[in-house]
Amino acid sequence: MPSALTALCRYPIVQAPMAGGPSCPQLAAAVSEAGGLGFLAAGYKTADALRDEVQQVRGLTGQPFGVNLFMPQCEPADPAALADYRRRLTGEATAYETALGDPDVPGDDGYEDKLAVLLAAPVPVVSFTFGCPSRDTLDAFAAAGTYTVVTVTSPEEAQAAEWAGADAVCAQGTEAGGHRSTFHDDPVTEDGGTGLLSLVTQVRETVQIPVVAAGGLMRGAQIAAVLAAGADAAQLGTAFLACPESGAHVLHKQALTNPLFVRTTLTRAFSGRPARGLVNRFVREHGPYAPAAYPQVHHMTSVLRKAAARVGDAQGMALWAGQGHRMARELPAGRLVRLLADELDAARTAVSTRSAQ
């Protein structure tokens, strides 16, 4: 691992920032304390809430940690398609005895205010999702001593991030749970994405900056594989969802290994942007009809998802999960980090032993 990245954590293990509650201060701090790199997710939070969570992490650990920001999403949605989907969801609103959310919420996610918070009181690492920030923004973080990472899904996006001045890229394979972090959400050119090992290799051959690999990683042997493919560290999200420190809803945690949920898929059903989650009733019934309209659909369905969680109905919740979800382990985050590190060492030793034979 490059020295700048090595200094951030003892092990090449990054806890993915998972917006919507899972990546809470307790989880981020526990991962960092154990030698990984914990992350807060600023998405869907106010600038004040972000400031409070950063302070909480600082009160729990003196180790480096990161914060993830959503890039502004200001492309207008097709009003007709959005209206059609809203009509389709009226039955859900009736069933859960609630109203649909307001889709006309600004799509910038308070980006500028959050930048101000993180530049006024710098954190060790800031990563970006759904696009690449300007060179001025990346230069400002560099001047503040903050290490920057841009999440990418292709070699072209990785090259753009390098040219803009990012310190590293996070290559997100199609196996990853949650939203695909493409710079542009274009349903016309949309495909299933590139698998992680292939993507890491392509990105590694395209850029000179460090590469963090993300997508379906659940075991130390998989971490060893992406490191061998050229990554400098591995980012795991679903692996940490089941930890007691995770802020994920208990039904979400249970669903990861519940035999009722046997597969994942990419769907726009809950947010209007492709995201990988467990296939449940809501995904089956509404996914094929959901328009490309983020964050409008996200805000429209937010009250439905909360209502489903309130009444204990996992079939109406957004159960984001990567393809390796069945391998989730319900362990304290610190213990999981150390177990992954041990598995990584064992995998490396096994490879060395076989090579010497």
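Relevant structure appears above.
Heads up: these notes are all about the structure in this document. (Residues numbered from 1 in each chain as written. Predicted model: local features only at pLDDT ≥ 70, side-chain atom pairs only at ≥ 80, totals over all residues. Heavy atoms only, no water.)

The antiparallel open sheet is built from three strands, whose spatial order is E7-E11-E10. Looking at the sheet topology across the chains shown, the edges are occupied by strand E7 (178-179) and strand E10 (264-267). (Pairing = 2+ DSSP bridges. Helix = DSSP H or I, 4+ residues; strand = E, 2+ residues; numbered from the N terminus.)

This brings us to the sheet that holds strand E4 (residues 125-129). Read across the sheet, eight strands follow the order E1-E9-E8-E6-E5-E4-E3-E2 without closing on themselves; strand pairing throughout is parallel. The open sheet has two edge strands with one neighbour each: strand E1 (13-15) and strand E2 (38-41). Pairwise comparison of adjacent strand axes, ignoring direction, gives a mean angle of 25 degrees for this sheet. In the sheet, E4 pairs with strand E5 (residues 147-152) via four bridges, with the strands oriented parallel. Considered in E5, the bridge of serine 127 is made with valine 149. Here helix H3 (residues 47-60) sits on the sheet in contact with E2 and strand E3 (65-70), set at roughly 165 degrees to E3. Against the sheet, helix H6 (residues 111-120) touches E3 and E4, its axis set at about 160 degrees to E3. (Axes fitted to C-alpha atoms, helices over the stretch in contact; angles between N-to-C directions. Contact = heavy atoms within 4.5 Å.)

On to unusual backbone geometry, then. The peptide bond linking tyrosine 294 to proline 295 adopts the cis configuration, its omega dihedral lying at 10 degrees. Position of proline 295 relative to the elements: it lies in the loop between helix H13 (281-286) and helix H14 (296-310).

Right, let's talk about the nonpolar core for a bit. In this structure, Val67, Leu69, Phe128, Val169, Leu236 and Phe240 are the most contacted members of the largest nonpolar core, which totals 101 residues. Top element by residues in this core is helix H15 (residues 333-356). It accounts for seven residues. Each residue touching phenylalanine 240, except ones within four places of it in the same chain, is listed here: Ile13, Val14, Gln15, Leu27, Val31, Ser246, Ala333, Leu336, Val337 and Leu340. (Core = buried A, V, L, I, M, F, W, Y, C linked by side-chain atoms within 4.5 Å. Buried < 20%, exposed > 50% of the residue type's maximum accessible area, 1.4 Å probe, protein only.)

This part is about the environment of tyrosine 111. Structurally, tyrosine 111 can be placed in helix H6. Classification of tyrosine 111 as buried rests on a relative accessible area of 6%. C-alpha separation for the pair tyrosine 111 and alanine 176, spaced 65 residues apart in sequence, amounts to 24 Å. Ignoring anything within four residues of it in the chain, the contact list for tyrosine 111 reads Leu69, Phe70, Met71, Pro72, Phe128, Pro133 and Thr137.

A separate point is the packing of aromatic side chains. This model, assessed by the stated rule, comprises six aromatic pairs. Between phenylalanine 128 and phenylalanine 141, the aromatic rings sit 6.1 Å apart at their centres with planes inclined by 65 degrees, giving edge-to-face as the arrangement. Residue phenylalanine 128 is found in strand E4, and its partner phenylalanine 141 is found in helix H7 (residues 135-144); the two are separated by 13 residues along the sequence. Residue classification places phenylalanine 128 among the buried positions, given a relative accessible area of 0%. By relative accessible area, which is 0% here, phenylalanine 141 ends up buried. Between the aromatic rings of phenylalanine 270 and phenylalanine 282, the centroid separation amounts to 4.6 Å while the plane-to-plane angle is 15 degrees, which identifies the pairing as stacked. Pair noted here: phenylalanine 270 is in the loop between E10 and strand E11 (275-278) and phenylalanine 282 is in helix H13, with a separation of 12 residues, a long-range link. (Phe/Tyr/Trp six-rings, centres within 6.5 Å; stacked < 30°, edge-to-face > 60°.)

Bringing the pairing of E5 into the picture now. The side chains of a regular strand alternate, first on one face of the sheet and then on the other. The buried fraction of E5 is high, at six of six residues. Along E5, one buried face is formed by Tyr147, Val149 and Thr151 and the opposite face, lined by Thr148, Val150 and Val152, is buried too. The parallel pair E4 and E5, bridged by H7, forms a crossover whose chirality is right-handed. After leaving E5, the chain enters helix H8 (residues 155-164) and then returns to the sheet as strand E6 (residues 168-172), a path that is right-handed. (Right-handed = clockwise from strand over helix to strand, strands pointing away.)

Moving on, we get to the layout of surface pockets. If you add up the space inside the largest pocket, you get close to 1100 Å³. Lining of the largest pocket is provided by 49 residues; of these, Met18, Ala19, Gly20, Pro22 and Trp320 occupy positions nearest its centre. Among the secondary structure elements, those contributing two or more residues to the lining of the largest pocket are E3, E4, E6, E7, strand E9 (233-236), helix H11 (238-241) and H14. The element that contributes the greatest number of residues to the lining of the largest pocket is H14, accounting for six residues. Classifying every residue of the lining of the largest pocket gives 23 nonpolar, 24 polar and two charged. (1 Å grid on protein atoms, 1.4 Å probe; cavity = no way out; pocket = protein on both sides within 12 Å on 5 of 7 lines; lining within 4 Å. Points joined across faces, edges and corners; volume = space filled by probe spheres on them. Nonpolar A, V, L, I, M, F, W, Y, C, P; charged D, E, K, R; others polar.)

The alternating pattern of strand E8 (residues 211-214) places Val211 and Ala213 and Val212 and Ala214 on opposite faces, both of which are buried. Bridge count for E6 against E8 is four bridges, and the pairing is parallel. In the sheet register, alanine 171 faces E8, and the bridge partner there is alanine 213. One ladder, built from three bridges, connects E8 with E9; its direction is parallel. What sits directly across from valine 212, in E9, is alanine 233.

On to empty space enclosed by the protein. A full pass over the atoms with the stated rule returns two cavities of 30 Å³ or more. For the largest cavity, the lining is made up of 13 residues, of which Val14, Leu37, Phe39, Val149 and Val212 are closest to its centre. In this structure, the second largest cavity occupies an estimated 30 Å³ of space. In terms of lining, the second largest cavity is formed by Thr153, Gln172, Gly173, Thr174, Ala176, His179 and Arg180.

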